Amino acid sequence: MANAENRTFNLPAEALAALSRLVEPATKDALDAIAEDIATCENLYRAIMDRGGQLSEDEAVFVKAFLEEVISLEGEHAGDAACTLGALHYSGSITPDGEPDYERAFELYSTGAALGNTQALVNLGYCHQYGRSVPVSPKDAFECFQRAAFTTNMPEAIYKLGDMYERGCYVERDSKLAFGLYRKAFLLIQDNPDEAPEIKASVCHRVADHIAADDTEDEPVAERRERLLTALELYQSAERDYYRAIGAGAYYYDRRLDEVIAAEERMRTEFLRR
């Protein structure tokens, strides 16, 4: 293991405290303790993304060595470490040229999923959905999201499974079932204020879209306005969390942010329509 003495790392305090212990003998118990510390700040990937996904060369070497050591020890947190290291390769935060390494990310996600990490399984679903190092496969994406959703009450897995039904990807389109899954994910995020902002925004956005579209020709004015206000509030919640996600470096949510801002204006216009 590389010695961290006389180096400066700019990770958040919780991650820094954990990583600095690598100057001690890297026993299994010590590495498990470090992994526990990182879990308290959500995970190392989130900590790095919160600072824009940037690592210095020394930091990248150090973080990579730490995570690989946790994986090699095959302890309780090996799956978490594999998923985190995979995500850092996927984003390019830990690669020498700063470019995504989807092939290595896929390998690490596969390791993490095999070790029982649900987030790694969801991330494999994204790889299959978007063709990251593997051919696009709606079937494999659906199976990953379904397994993850049925294994745990994970909002991200549940809303992604909802997307498959909403869009008719691999399965027959079922908008009613999709809405049920979106609502379940929404209820789950209410119980977890620490859920990632992009997940909260994505769920609220989807629920709002369904509520906004649920109009009938003879809907009473009072009920229509109440429905539109509910959708507006959800769009506004999604807007706030999209801003938070973008502020943390997730710029690929720009388009989704534009969509909810436009939807908010539609809800206001529709509310005032007589």
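Up top is the structure these notes are about.
An account of the accompanying structure is given in this report.

Definitions and limits used
- Residues numbered from 1 in each chain as written.
- Predicted model: local features only at pLDDT ≥ 70, side-chain atom pairs only at ≥ 80, totals over all residues.
- Heavy atoms only, no water.
- Axes fitted to C-alpha atoms, helices over the stretch in contact; angles between N-to-C directions.
- Helix = DSSP H or I, 4+ residues; strand = E, 2+ residues; numbered from the N terminus.
- Left-handed = near helix turned anticlockwise from the far one by under 90°.
- Contact = heavy atoms within 4.5 Å.
- Nonpolar A, V, L, I, M, F, W, Y, C, P; charged D, E, K, R; others polar.
- Salt bridge = Lys/Arg side-chain N within 4 Å of Asp/Glu carboxyl O.
- Parallel < 35°, antiparallel > 145°, perpendicular 65-115°, else oblique.
- Expected span 1.5 Å × (residues − 1).
- Buried < 20%, exposed > 50% of the residue type's maximum accessible area, 1.4 Å probe, protein only.

1. Overview of the packing of helix 4 (residues 57-72) against helix 5 (residues 78-91)
For the pair helix 4 and helix 5, interaxial distance at closest approach is 8 Å and the crossing angle is 145°. For the crossing formed where helix 4 meets helix 5, the hand is left-handed. The segment helix 4 lies against helix 5, with Val63, Lys64, Leu67, Glu68, Val70 and Ile71 engaging Ala78, Ala81, Ala82, Thr84, Leu85, Leu88 and His89. When its residues are assigned to classes, the contact of helix 4 with helix 5 shows nine nonpolar, two polar and two charged.

2. What about the pattern of salt bridges?
One pass over the full model with this rule turns up 15 salt bridges. With its nearest N and O atoms 2.9 Å apart, the salt bridge here joins Lys139 to Glu143. A residue pair is termed a helical-turn pair when its members lie 3 or 4 positions apart in one helix, as Lys139 and Glu143 do in helix 8 (residues 138-151) at four residues. Here Arg206 makes a salt bridge to Asp163, at a shortest N to O gap of 2.7 Å. In this pair, Arg206 sits in helix 11 (residues 197-213) while Asp163 sits in helix 9 (residues 155-167), placing the two residues 43 residues apart along the sequence.

3. Re the packing of helix 5 against helix 6 (residues 102-114)
The N-to-C vectors of helix 5 and helix 6 enclose an angle of 165°; their axes lie 8 Å apart at closest approach. Relative to helix 6, the element helix 5 is oriented roughly antiparallel. The way helix 5 lies across helix 6 gives a crossing that is left-handed. Side by side, helix 5 and helix 6 meet where Gly79, Ala82, Cys83, Leu85, Gly86, Ala87, His89 and Tyr90 of the first sit next to Tyr102, Arg104, Ala105, Leu108, Tyr109, Thr111 and Gly112 of the second. Tallied by class, residues from the contact of helix 5 with helix 6 come to nine nonpolar, five polar and one charged.

4. A closer look at helix 4
Taking 1.5 Å per residue, 16 residues should reach 22 Å; helix 4 reaches 23 Å between its end C-alpha atoms and fits that length. All of the buried residues along helix 4 are Glu59, Ala60, Phe62, Val63, Phe66, Leu67, Val70 and Ile71. Of the residues one or two after helix 4, Glu74 is the one with positive phi, at around 55°.

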